[in-house]
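Commentary on secondary and tertiary structure
Residue strings, one per chain:
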Amino acid sequence: MSKTIIVSNRLPVKITEQDGQLSFKTSEGGLATGLGSVFQADAESLWIGWPGMEVPDEQEKNVTAQLNEQSLIPVYLSKEEITQYYEGFSNEVLWPVFHYMSTYARYENIYWDYYQQVNEKFKNALIAVAQPGDTIWIHDYQLLLLPGLIRAVLPEVTIGFFQHIPFPSYELFRLLPWRAELLNGMLGADLVGFHTYDDARHFLSSAARILQVQTASNNIQYNGRSIVVESFPMGIDNAKFEALIDNTQVKQNILNLRETFGNVHIILSIDRLDYSKGILQRLQAFDLFMQDHPEYKEKVSLYMIVVPSRDTVTQYRELRDEIDKLAGNINARYRTNNWSPVNYFYRSFPIENLSALFQFADVCLVTPMRDGMNLVCKEYVASRKNNDGVLILSEMAGASKELTDALIVNPNNVLQMSQAIVAALNMPLEEQTRRMKQMRELVSKYNVMHWVRVFIERLGEVKRMQQSLLTKYISQRTQQYMKNKYNRADKRLFLLDYDGTLVGFNNNIDQAKPDKELYHLLEELASDEKNKVVIISGRKHVTLEEWFGHLKIDLVGEHGVWHKVAGGKWEDLKGLTTEWKQHVHPILNAYTDRTPGSFIEEKTYSLVWHYRKAERGLGDLRASEMMNNLRYMMGDWGLQLLPGNKVVEIKNMEVNKGKAAQVYLHRYKFDFIMAIGDDITDEDMFKALKDEAITIKVNSNLSSAKYYLRDYKEVRNFLKLLSSKMFITKVLDRVMNWIPKSSFARRGR
Ligand code: GDG
């Protein structure tokens, strides 16, 4: 039976120790709650992760048994592994770079060694329990290599990956010495998810630039698989925060707060100690607010909770000291006998205290410098049952893409933040309600259960999409079927595109010449009298003549403008004009001048703008700009714009490979037709052929062709297989001819 396996760096457990004995209880974090629905629906489900502390060897057995009872599988990490993999690579390399603070990064090779080693450890724990039909969902930046490691062992398994922190722009990501390895790891997944569209976009562009993989919209073609990259903004367990409103302890805590603060307005801020959270800038903004608005003295206090985290690391210790200093400084300057402007706590609080604060605070100030999502702001919103209160939210938090009714600020703009505080304190109740209502609806609808459901459903869809495409891939069985069909046929037609189909894609168009192997293959194919082999290409006819003129095959150049029957003469289509060229050429020239690495190719009846050597991204941008520019004149001249692989061709509308293919269908009667091509111009050919034809698209599975092959090498091997079969058939024929007819007669008796 198939099951779901969650993998995250930490298991969702709380550890308690009594008389030297460890015990573990499932914790109620947002992720754990959201995934609870998956767990309930599927009793076989498992969660793999580090238990969160170093477990003494002698206790491992007992701890494992306790955890297994709760469907949890521990991965034990040594002190050294925690230091180098978790604190080192994860938190001192990936965390700063992914949060756009690359100057904090320490690119130590030893961190990388341990990161690989621990990801291997997770892989081993996983493959010990995973089956090919299982769904595996891997979480976060500590396990970027894991999807790739699993894919290598279990190629068919379904893998989803979700990153909880931002994915930086290519310019930042490329700084990592191990960027390619990390991307290769992530691309082991079938579905890669982030909180925001920007993260997804950054990931797609890094993959396209660093690994040179093909991307189309949110799809990546990688090792013959189609991987989907999408944003799934994570929600919170809103029901839990709503339920806390009626909790007795929470109600008591609110009374206590009211007693302490009376009529003083509270601005709340809650973060883990981290330089990405913008705590210092927030204090500076509050300081400026106090300075510019003395009228709020004794009327407003900042209630700031900083949850201790990673404070063994120098940068974090320094940050803590600076926060201490600045908070103390503000208090020293503005404090009165019965009022402190900053109430600062460097510790964590029980959830009942947080809920009380969320309900009590007039304003919630969430201003990270970068944050994948930020759940605190959603928790504040979920706790506002009266639909009042104001959220001030950094535009650098993923949540700002959803909570657009917050007061959105740039955390680097201290003045803007201090002005937002004033605006929040003065916001009329009506406006507070209007904004809060919208946000509460959103937080309630897009909660953590919804997030889990949408991700898991999409993962299933992606897998089904891959499988449906897989049926189009020419498997061994299909090859056998085609061979049989081939053997039975008396008149066969092969329509073969050239670039990308029979040879690989080359940056220099003149270098994509045919090689010995290809000549041999075409000769072999054409040597069978039952076969008509046609190379049908967009190339100039002179080039085709130079390369293939001596072979016993038909040639079609410029997508059907030129045509030559084997051994005959070249002929062109009559009635085509070239007058339009004088209008289009200057436009192409202008784009070539502005795009280094691009050039124009002139054919008899078409113009082609090539940009294979232009800067990645720039070429595509210019090509689409140019097409927009040219589109209006296409109709007037009866022209067609053909975008291809790093080329745009402008040609007469009447000419296309489909029409060229039809000439053959009218002229002869074939009982076996095979067409193979790799780009958009070949689609006309696929569409023009009858249903019985075997149409094969190379390099992609998005096509009207019936089948696909991965690259030109697979095309060659497949054609070789057909011609080698011819050889066997021929031998068989000869053997049959050689055996005296009488012997059949004898056997027949
Ligand atoms: C990463 C990404 C992304 C905080 N103090 C206390 C306490 N908390 C709880 C909050 C909230 C959680 O911790 C913090 O979540 P965040 O989302 O704000 O931040 P990270 O921990 O950095 O999480 C982040 C998240 O992953 C999910 O994908 O949103 O961007 O960095 O739930 O309430 N809980 C208790 N006491 C505290 O003192 N009980």
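Values in this document were obtained by computation on a predicted structure and should not be read as measured data.

What counts, and where the lines are drawn
- Here the residue numbers are simple positions, counted from 1 along each chain's written sequence.
- For a predicted model such as this one, the threshold for reporting local features is a pLDDT of at least 70, and the threshold for listing and counting side-chain atom pairs is 80 or more; totals across whole chains, interfaces and linings nevertheless cover every residue.
- Each side-chain value is derived from all of the structure's non-hydrogen atoms; neither hydrogens nor water enter the calculation.
- Helix and strand assignments follow DSSP, with helices taken as H or I runs no shorter than four residues and strands as E runs no shorter than two, numbered in order from the N terminus.
- For every residue, the accessible area (1.4 Å probe, protein chains only) is compared with the maximum for its type, and the residue is labelled buried under 20%, exposed over 50%, or partly exposed between those bounds.
- By definition in these notes, contact holds between two residues if any of their heavy atoms fall within 4.5 Å.
- Areas reported here follow the Shrake-Rupley algorithm with a probe of radius 1.4 Å; residue values treat only the protein chains shown as occluding.
- His residues and chain termini do not enter the charge count, which takes Lys and Arg as positive and Asp and Glu as negative.
- Charged groups are reduced to one reference atom each: NZ for lysine, CZ for arginine, CG for aspartic acid, CD for glutamic acid.
- Remark: nonpolar core denotes a set of buried residues (Ala, Val, Leu, Ile, Met, Phe, Trp, Tyr, Cys) joined through side-chain atoms within 4.5 Å.
- Salt bridge criterion: a side-chain nitrogen from Lys or Arg within 4 Å of a carboxyl oxygen from Asp or Glu.
- By the convention used here, strands pair only if DSSP detects at least 2 bridges between them.
- Here an angle of 0 to 180 degrees is reported between the N-to-C directions of two axes, which are lines fitted to C-alpha atoms, with helices fitted over the stretch in contact.
- Domain start and stop points were drawn from an automatic or database domain assignment.

Here we look at the overall build of the protein
Looking only at helices and strands, the protein features 26 helices and 29 strands. Overall, the protein is about 115 × 70 × 45 Å in size when its C-alpha atoms are taken along their principal axes. Expressed as a percentage of the 749 residues in the protein, the buried residues total 55%. For the protein, restricting intrachain contacts to residue pairs at least 6 apart in sequence, the fraction spanning at least 24 positions comes to 70%. Carbon and sulfur atoms provide 49% of the accessible area of the protein, an area that totals close to 33500 Å². Averaged over its 90 positive side-chain charges, the protein has a centre that lies 7 Å from the centre of its 91 negative ones.

Re the nonpolar core
One finds Val7, Leu182, Phe203, Ile220, Phe286 and Leu391 to be the most contacted residues of the largest nonpolar core, which totals 141 residues. The contacts of Ile220, once residues within four sequence positions are left out, are Leu187, Phe203, Leu204, Ala207, Val213, Gln214, Thr215, Arg225, Ser226, Ile227 and Val229. Residues Leu551, Tyr605, Ile696 and Val715 belong to the second largest nonpolar core, which totals 43 residues.

Topic: the pattern of salt bridges
One pass over the structure, following the stated rule, counts 42 salt bridges. Note that Arg106 is salt-bridged to Glu108, the shortest N-O span being 3.0 Å. Assessed through its relative accessible area of 39%, Arg106 is described here as partly exposed. Classification of Glu108 by relative accessible area gives partly exposed; the value is 31%. One salt bridge connects Glu431 with Arg434, and the closest N-O pair in it is separated by 3.9 Å.

Examining the sheet that holds strand 5 (residues 72-74)
Here 9 strands make up an open sheet; going across it, the order is 5-4-1-6-7-8-11-10-9 and the pairing mixed. Edge strands, defined here as strands with exactly one partner in the open sheet, are strand 5 and strand 9 (214-216). Going across the sheet, the axis of each strand differs from the next one's by a mean of 20 degrees, ignoring polarity. Examined bridge by bridge, strand 8 (residues 191-194) and strand 11 (residues 225-231) share 4 bridges and lie parallel to one another. What sits directly across from Leu191, in strand 11, is Val228.

Let's talk about the sheet that holds strand 24 (residues 606-610)
Read across the open sheet, the 4 strands follow the order 23-24-26-25; overall the sheet is antiparallel. The strands lining the two open edges of the sheet, one partner per strand, are strand 23 (599-602) and strand 25 (639-643). Strand-to-strand twist of the sheet, defined as the mean angle between neighbouring strand axes without regard to direction, takes the value 15 degrees. Across 5 bridges, the pairing between strand 25 and strand 26 (residues 647-652) is antiparallel. By the bridge assignment, Leu642 is partnered in strand 26 with Glu649. In this fold helix 22 (residues 618-637) packs onto strand 24, strand 25 and strand 26, with an angle of close to 165 degrees to the strand it touches most, strand 25.

Examining the domain arrangement of the protein
In terms of domains, the protein is made up of domain 1 (4-231), domain 2 (238-445), domain 3 (476-505 + 512-573 + 656-724) and domain 4 (581-652). Each of domain 1 and domain 4 has a C-alpha centre, and the two are 44 Å apart.

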